[in-house]
Amino acid sequence: MGSKYDTPHDQFVIAYLPHPDKTEAVVSHALPLAQMLHKGLILLYINDPRYGGPTKEEAQHLLADEVERIRPQHPDTNYIALAGNSREVISALPTLLYGVVVVAESNNESPRRSPTHPKEVLRLFAESKIAYLVVQQRYEKKDFMSDVTLTIDYRRESKEKLIWASYMARFNHSHLHILSQQYKDEGLHKAWHDNIRFMEKMFASLGISDYTIENYAGRGPFAETGAIEDACRKKYDMHICTTTDMHDRDTLELLIGTAEQRVIRNPWKYPILFLNPRDDLYVLCD
């Protein structure tokens, strides 16, 4: 790493750069995210035989130049180039680099064995214990993520999105758009209503009032895709989404794929903050 840290147990935003000569999309999101959370920023390259790419030494030169460009805007910026299995390194980021969130790029046109292919991104982060923001293009707006969306439905997994939603509201003053469907089934409606009540109580305890509950039209088994389409039409900025628990996949998901496999490919290039459903998810120290 380029320098020592005075506080080694601080948390960091990690910019995962498998192509260290192409940093714009990832850094344009990772930098304001680190500034927002008041965390250090680490540019990460992994020299993985699966993907080829620059050597550690070649990557270090590229990353060092990028760090010098960023430091005037965010002094606590550094880089590290490692060699190893990318999936294993990414899974270890909470303890290896004290990561709290990773920013990674997905490109629908990448070759299948590229680390930026949508399916490969999901494979690399399948065991991640921290949130990961997947982006497709450079962030151009002046205000960072001022409108954040998430769906709240009848499933218990909906509650898992609320912690990161609260971070965006508290630290970034983002307006939260809670996207929901109408349920005709009485049991589903009650479960949805219970989740909404849980959310309202949690937000009230944190002093969060800048949110609205909005209806959207779901589309079959992939309701999240309909939510993102609605969010893009309204020019919102980021969606918070939980991934599918691999132990809970149903027959339909085995046949046609999971929701996140479609969400990550969204043609509107909408940034998605993914959370893996797990009990040992690392969260922010604030």
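What you see is a predicted model, and the numbers here were worked out from it, not measured in a lab.

Trainee: How do you make sense of unusual backbone geometry when you look at a structure like this?
Mentor: What is expected of a backbone is that most residues other than glycine have negative phi and most peptide bonds are trans. The phi dihedral of histidine 38 falls on the positive side, at around 60°, and the residue is not glycine. Unusually for a residue other than glycine, histidine 173 sits at a positive phi of about 55°. Topologically, histidine 173 is positioned in the loop between helix H6 (162-172) and strand S7 (175-180).

Trainee: Hey, could you run me through the packing of H6 against helix H7 (residues 186-205) in this one?
Mentor: Relative placement of two packed helices is described by the angle separating their axes and the distance separating the axes. Relative to each other, H6 and H7 sit at 40°, their axes nearing to 11 Å. What the angle tells us is that H6 and H7 run oblique. Seen along the crossing, H6 lies across H7 with a hand that is right-handed. Seen from H6, the contacting residues are Leu162, Ile163, Ala165 and Ser166; seen from H7, they are Phe198, Met199, Met202 and Phe203.

Trainee: Whenever I open this one, the pairing of strand S3 (residues 77-83) confuses me. Can you help?
Mentor: Walk down a regular strand and you will see the side chains alternate between the two sheet faces. The element S3 is largely enclosed, with a buried count of five among its seven residues. Sheet topology places strand S2 (residues 40-47) next to S3; seven bridges connect them, and they run parallel. Paired with isoleucine 42 across the bridge in S3 is asparagine 78. For the crossover that starts at S2, traverses helix H2 (residues 56-70) and ends in the parallel S3, the hand is right-handed.

Trainee: How should the pattern of salt bridges be read in this particular structure?
Mentor: When charged atoms on two side chains of opposite charge get close, those side chains can pair. One pass over the structure, following the stated rule, counts 17 salt bridges. For glutamate 66, the salt bridge is made with arginine 69, and the minimal N-O distance between the two is 2.7 Å. Here arginine 69 and glutamate 66 lie together in helix H2, a separation of three residues that amounts to about one turn. Here glutamate 224 ties to lysine 161 by a salt bridge, and the two come within 3.2 Å at their closest N and O atoms. Of the two residues, glutamate 224 sits in helix H8 (residues 223-233) while lysine 161 sits in the loop between strand S6 (147-151) and H6, which places them 63 residues apart along the sequence. Each member of the pair, glutamate 224 as well as lysine 161, carries the same accessibility label: buried. It is possible to trace a salt-bridge network through shared partners that takes in Arg50, Arg112, Glu120 and Arg123.

About the thresholds
- Residues numbered from 1 in each chain as written.
- Predicted model: local features only at pLDDT ≥ 70, side-chain atom pairs only at ≥ 80, totals over all residues.
- Heavy atoms only, no water.
- Helix = DSSP H or I, 4+ residues; strand = E, 2+ residues; numbered from the N terminus.
- Axes fitted to C-alpha atoms, helices over the stretch in contact; angles between N-to-C directions.
- Parallel < 35°, antiparallel > 145°, perpendicular 65-115°, else oblique.
- Left-handed = near helix turned anticlockwise from the far one by under 90°.
- Contact = heavy atoms within 4.5 Å.
- Buried < 20%, exposed > 50% of the residue type's maximum accessible area, 1.4 Å probe, protein only.
- Pairing = 2+ DSSP bridges.
- Right-handed = clockwise from strand over helix to strand, strands pointing away.
- Salt bridge = Lys/Arg side-chain N within 4 Å of Asp/Glu carboxyl O.

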